[in-house]
Amino acid sequence: MALVVQKFGGTSVGSIDRMRNVARRAIAAQKKGDKIVVIVSAMSGETNRLLGLAHQMVAVPDAREMDVIAATGEQVAAALTAMAIQNEGGQARSLLGHQVKILTDGAFTKARIKTIEGSKIFSTLEQGQIAVVAGFQGVNEHGDITTLGRGGSDTSAVAIAAAIGADACEIYTDVDGVYTTDPNICPSARKIPRISYEEMLELASLGAKVLQIRSVEIAMKYGVPVHVRSSFSDVEGTWVTGEDKALEDVVVAGVAYDKNEARVHCVGLNDKPGVVAELFGAMADKNISVDMIIQNVSKESHDRADVTFTLAKTDLLRAKPFIEEVAKRLGSQEVRYDEDIVKVSIVGLGMRSHAGIAAKMFRIMAAEGINIQAISTSEIKVSCLIHAKYTELAVRALHDGFGLAKAVER
Ligand code: ASP
Ligand code: MG
């Protein structure tokens, strides 16, 4: 007998019929002898609808009230799913965040879970019920409703799985697993049978949307085995697990691309201590995260330096005025911007023990005539910034160049 958490995303509970499907799946698993905790997202489109209502009321809604509204999406889905299970002949009870209780900090709209009490879930399971828990929501120490950020139901599921010591956390979604790259632009992409937490973290932070980043962090911290799979079929999906030899043997596990960054080039800054500290300190003060950074001697003069960096496109408009102000103060004559860029990355545990992976990536890009504008690396990732028009070409060339089109046993 196993204790299993099954999380169903918005499309999986997107209609009455689909909820009946969820109910049948949960009941079938329970009949095998397992104890089942179901976590649900809001029905697809519902969270956007609710947030839209709030924005119709006021341009900048109060964050506490936003969470009161947003949390209703999951409340509705949890009750409907419990009814669906009852209607299919099973026993179920819905539980909201404050009932469980999922205690979070007070950061409305992006709260972090502090603790989860298991007792209410356990007593529900002891009575032979399937516990249906509303994802995405929690409660702060004052009893106010909080939500965990967009995609937060994944985090609810993994955190609950960790708290109750579940044997596995199944994430049911509208794709059948994690792919070697985006199948929409690379026809030879294939499903990865098994991937490490660390690789998944890198892929998630590069924009692979299957799992919220925070959920992967929690899974890694507590060693929760996560199974990402389709709610529309029974085929095995992708297991996200701890590292082992078989995973380390694969040099590159996936190729990712991210079109959400913009490049900023500050030309001819003074070349002296404290300049970049001031430039990036100013960004940090405004809560703007910077990703890639390069500094080199300016073309114009040898006592000047050029600094190029990337930030989220969504932050660019807000950042422009003070970037220009700081850059000018630091001696720069000109700041250039480019939004027509993409960051292409390769990710794999095997990079730790294999030399020459970055060089191979650069050779593959060169062979396609693609110019690289910036590079950044981590222990298990190499990223290159290139012109956006080369996205598909680069992704396909890297995917095939690193042998990802062929099935690999992991
Ligand atoms: N319903 C929330 C959202 O759309 C949480 C989730 O689906 O994971 O972001
Ligand atoms: Mg999601």
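Please read all numbers here as calculations on a predicted model, not as lab measurements.

Peer 1: Quick question: what am I supposed to make of the pairing of strand S20 (residues 381–387) here?
Peer 2: Working note: regular strand, side chains alternate between the two faces of the sheet. In terms of burial, S20 is largely enclosed, as 6 of its 7 residues are buried. Examined bridge by bridge, strand S18 (residues 341–347) and S20 share 7 bridges and lie antiparallel to one another. Within the sheet, the bridge partner assigned to Val344 lies in S20 and is Cys384. Remark: 2 residues form the turn of the hairpin made by strand S19 (residues 374–378) and S20, two consecutive strands paired antiparallel.

Peer 1: How do you make sense of unusual backbone geometry when you look at a structure like this?
Peer 2: Only a minority of non-glycine residues have a phi that is not negative, and only a minority of peptide bonds are not trans. At the junction of Val100 and Lys101, the peptide bond is cis and its omega measures out at 5 degrees in the coordinates. Residue position: Lys101 is located in the loop between helix H4 (97–100) and strand S4 (102–104). Even without a glycine there, the phi angle at Phe136 is positive, about 75 degrees. Tracing the chain through its elements places Phe136 in the loop between strand S6 (130–134) and strand S7 (137–139). Phi angles above zero are rare outside glycine, and Asn287 is one such case at about 65 degrees. Tracing the backbone through its elements, the reader meets Asn287 in the loop between helix H10 (275–285) and strand S15 (290–297).

Peer 1: Is there a simple way to think about the pattern of salt bridges in this case?
Peer 2: Side chains carrying opposite charge are able to pair once their charged atoms draw close together. What the rule picks out here adds up to 23 salt bridges. Between Asp144 and Arg64 there is a salt bridge; the shortest N-O distance is 3.1 Å. Of this pair, Asp144 sits in the loop between S7 and strand S8 (145–147) while Arg64 sits in helix H3 (residues 63–87), and the two are 80 residues apart along the sequence. A relative accessible area of 16% means that Asp144 is categorised as buried. On the accessibility criterion, Arg64 (32% relative accessible area) is partly exposed.

Conventions we followed
- Residues numbered from 1 in each chain as written.
- Chains lettered and ligands numbered in written order.
- Predicted model: local features only at pLDDT ≥ 70, side-chain atom pairs only at ≥ 80, totals over all residues.
- Heavy atoms only, no water.
- Buried < 20%, exposed > 50% of the residue type's maximum accessible area, 1.4 Å probe, protein only.
- Helix = DSSP H or I, 4+ residues; strand = E, 2+ residues; numbered from the N terminus.
- Pairing = 2+ DSSP bridges.
- Salt bridge = Lys/Arg side-chain N within 4 Å of Asp/Glu carboxyl O.

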